[in-house]
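# Chains, contacts and geometry: an overview
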Amino acid sequence: MKKVFVNGYGTIGSRIAKFIKDDSDIALVGIGKHSPDEKVLHAINDGFSVYVPGDKIDNFRDYDVSGSIESILDDCDLVIDASPGGKGFLNKKNIYEPKGIKAIFQGGETIFNNNAVADVLFNSRVNYADVFDKKYVMQGSCNVTGMGRILNPLREKYSNKLTRFDVTLIRRWADLEQTDKEIVDTIEMTEQPHHGTDVKAYFGKDAPLFVRAIKVPTRQMHLHIMDIRFSENAPAINEIHELFKDEHGVAVLWTAKGTKDIRDFAESTKFNFKDTNMLHIHANMTTSIGDTIQLMYSDDQTGIVIPENYMLLQAMLFQRDYQDALKQTEKLFNMDEKKKLLEENFSKKD
Ligand code: NAD
């Protein structure tokens, strides 16, 4: 059985740990906590062994921790790093590389410049099999994962009829759990957003993709506004929606008034963490005008990358066939069921 460790137990790490512990092919040997707060107890109560940095172990004497992160990693096959952006690079240099352990990094890192954590950026819908033999891989961020999941089916169907993609990312200010993070009443501009460059890491640096980003005071998901240009008249909107009918992790909704409607539905239906783990095309907003499709979809920022991390783990540890990996992911995340429930609840009313 392969041994996996999750280093960092915040928004992303706690979700990953809770889902992957149910995979009978792996042993989740523990989670890494870096601050001595009540979440240590939550993790222990949830059945996780908690490990802490060796040089901070004294700060955790009030808790029943199992040892140091450095020691547990000696007996591990893969670490999922879920540390704050930029710390993953330091962890790689200080711990993972010296120990020769495989590692997955999150979207707050980079694959460019001197701080690169890997030479490949993962999107299961695009380059699943390319990471089979990799030691270090970066999972794309929530926005980057979302764009790949929309663009890849379009590129497969329309290939050279597509001439240009213009995307405006409307990013959430904070996550639901970040109750101590103040939401500021402003619309913040993001200079030189990394998201387009990250997507081009798997679509090619010359892909005609142009991305702008702003941040708005909400905790309820990101919204992407995308204009898709064709070299001829754009397809009818039904054809675009049909393309995503069987697409894993994309729901087509007609009557959601906003992102909070979707979160509220996820909460009332008892989806774990109030996450849908997917994208939601707001089908009532799609238009086909001349050579352009205007598309809007919301992106569950905290949820979308969790099944992606699990797909990546399966590729790196087991080189599992893509369809088998999807089936295995379905067992843990029930995404098809969630998609069905969402689409029924927000269906077109005649
Ligand atoms: P977070 O702040 O909620 O959690 C990070 C956790 O890591 C904290 O518990 C912190 O104590 C711990 N930590 C501190 N130093 C550490 C170290 N050196 N090594 C390991 N852990 C350490 O952050 P998050 O939102 O979970 O983000 C984690 C990563 O996931 C970032 O790269 C982020 O960009 C990416 N990401 C976040 C979201 C999101 O919606 N929050 C979505 C996609 C990707």
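You'll find the structure just up there.
My aim in this report is to walk through the structure given alongside it, one point at a time. Predicted, not measured: the structure shown is a model, and the values here were computed from it. (Residues numbered from 1 in each chain as written. Predicted model: local features only at pLDDT ≥ 70, side-chain atom pairs only at ≥ 80, totals over all residues. Heavy atoms only, no water.)

### Some points on the overall build of the protein
Secondary structure summary: the protein contains 12 helices and 16 strands in total. Relative to the globule expectation of 20 Å for 350 residues, the C-alpha radius of gyration of the protein, 20 Å, shows essentially globular dimensions. For the protein, with 350 residues in total, the buried portion stands at 54%. For the protein, the proportion of contacts with a sequence separation of at least 24, taken over those separated by at least 6, is 72%. When the accessible surface of the protein is summed, it comes to about 15600 Å², and 46% of that surface belongs to carbon and sulfur atoms. Charge-centre separation for the protein: the mean point of 45 positive side chains lies 1 Å from the mean point of 53 negative side chains. (Helix = DSSP H or I, 4+ residues; strand = E, 2+ residues; numbered from the N terminus. Rg over C-alpha atoms; globule rule 2.2 N^0.38 Å. Buried < 20%, exposed > 50% of the residue type's maximum accessible area, 1.4 Å probe, protein only. Contact = heavy atoms within 4.5 Å. Areas by Shrake-Rupley, 256 points an atom, 1.4 Å probe, with all protein chains shown as cover. Lys, Arg positive; Asp, Glu negative; His and termini not counted. Charge placed at Lys NZ, Arg CZ, Asp CG, Glu CD.)

### With respect to the side chain of Glu308
Inspection of the secondary structure puts Glu308 in helix H10 (residues 305-318). You can call Glu308 buried: its relative accessible area is 3%. Those residues within four positions of Glu308 in sequence are excluded, and the remaining contacts are Phe122, Asn123, Ser124, Gln139, Thr145 and Arg149.

### Overview of the environment of Pro98
With respect to the helices and strands, the residue Pro98 is situated in helix H4 (residues 87-99). We classify Pro98 as exposed; its relative accessible area is 57%. Among all residues touching Pro98, those that are not within four sequence positions of it are Lys92 and Lys93.

### Some thoughts on empty space enclosed by the protein
Overall, the coordinates contain one cavity of 30 Å³ or more when judged by the stated rule. The space that makes up the largest cavity amounts to roughly 90 Å³. Lining the largest cavity, in full, are Ser124, Arg125, Arg149, Glu247, His248, Pro307, Glu308, Met311, Tyr322, Leu326 and Thr329. Listing elements by their share of the lining of the largest cavity, those giving two or more residues are helix H5 (124-127), H10 and helix H11 (322-333). Considered class by class, the residues forming the lining of the largest cavity number four nonpolar, three polar and four charged. (1 Å grid on protein atoms, 1.4 Å probe; cavity = no way out; pocket = protein on both sides within 12 Å on 5 of 7 lines; lining within 4 Å. Points joined across faces, edges and corners; volume = space filled by probe spheres on them. Nonpolar A, V, L, I, M, F, W, Y, C, P; charged D, E, K, R; others polar.)

### Focus on the packing of helix H1 (residues 11-20) against H10
Closest axis-to-axis distance for the H1/H10 pair is 9 Å, and the angle between their directions is 60 degrees. Between H1 and H10, the crossing angle belongs to the class labelled oblique. Seen from above, H1 lies across H10 with right-handed handedness. The segment H1 lies against H10, with Ile12, Arg15, Ile16, Phe19 and Ile20 engaging Val305, Ile306, Asn309, Tyr310 and Leu313. (Axes fitted to C-alpha atoms, helices over the stretch in contact; angles between N-to-C directions. Parallel < 35°, antiparallel > 145°, perpendicular 65-115°, else oblique. Left-handed = near helix turned anticlockwise from the far one by under 90°.)

### Here's the deal with the site of the ligand
What surrounds the ligand is a group of 22 residues, the closest being Thr11, Ile12, Asn91, Gly108 and Asp175. Between the ligand and Thr11 there is a distance of 2.9 Å, counted from an oxygen atom to a backbone nitrogen or oxygen. In isolation the ligand exposes 830 Å². Once the protein is present, 81% of that is buried. More than half of the atoms belonging to the ligand lie within 2 Å of the grid points that define the largest pocket. If you list the elements that add at least two residues to the shell around the ligand, you get H1 and H4. Residues belonging to the shell around the ligand are distributed by class as follows: six nonpolar, 13 polar and three charged. (Near = heavy atom within 4 Å. Polar contact = N/O pair within 3.5 Å; in protein donor to acceptor, adjacent residues only side chain to side chain. Sits in = over half its atoms within 2 Å of the grid points.)

### Some details on the nonpolar core
One finds Ile20, Leu73, Ile150 and Leu154 to be the most contacted residues of the largest nonpolar core, which totals 93 residues. Examining the composition of this core, we find that nine residues originate from one element, H10, more than from any other. The residues contacting Leu154, other than those within four sequence positions of it, are Ser159, Leu162, Ile228, Ile240, Leu243 and Phe244. Membership of the second largest hydrophobic core comes to 11 residues, among which are Leu253, Phe265, Ala266 and Phe346. (Core = buried A, V, L, I, M, F, W, Y, C linked by side-chain atoms within 4.5 Å.)

### Some thoughts on unusual backbone geometry
In the Ramachandran plot, Asn113 falls in the positive-phi region, its phi being about 60 degrees despite a non-glycine side chain. Assignment of secondary structure puts Asn113 in the loop between strand E6 (102-105) and strand E7 (121-122). Phi angles above zero are rare outside glycine, and Phe273 is one such case at about 60 degrees. Relative to the assigned elements, Phe273 resides in the loop between helix H9 (259-268) and strand E14 (279-282).

### Regarding the sheet that holds strand E3 (residues 50-52)
Spatially, the eight strands line up as an open sheet ordered E4-E3-E2-E1-E5-E6-E8-E7, and their pairing is parallel. Each having just a single partner strand, strand E4 (67-68) and E7 make up the two edges of the open sheet. Set on the sheet, H1 makes contact with strand E1 (2-7), strand E2 (26-32) and strand E5 (78-81); between it and E1 the angle comes to about 155 degrees. (Pairing = 2+ DSSP bridges.)

### Regarding the layout of surface pockets
If you roll a probe as big as a water molecule over the atoms, it shows you where there is empty space left. Of the volumes computed, that of the largest pocket is approximately 1300 Å³. Forming the boundary of the largest pocket are 50 residues, of which Ile12, Ala82, Ser83, Pro84 and Gly85 lie nearest the centre. Residue assignment for the lining of the largest pocket shows that the elements contributing at least two residues are H1, helix H3 (69-72), H4, helix H6 (142-158) and strand E9 (162-172). Among the residues forming the lining of the largest pocket, the class breakdown is 12 nonpolar, 23 polar and 15 charged.

Scope: geometric values only; no functional claims are made or implied.
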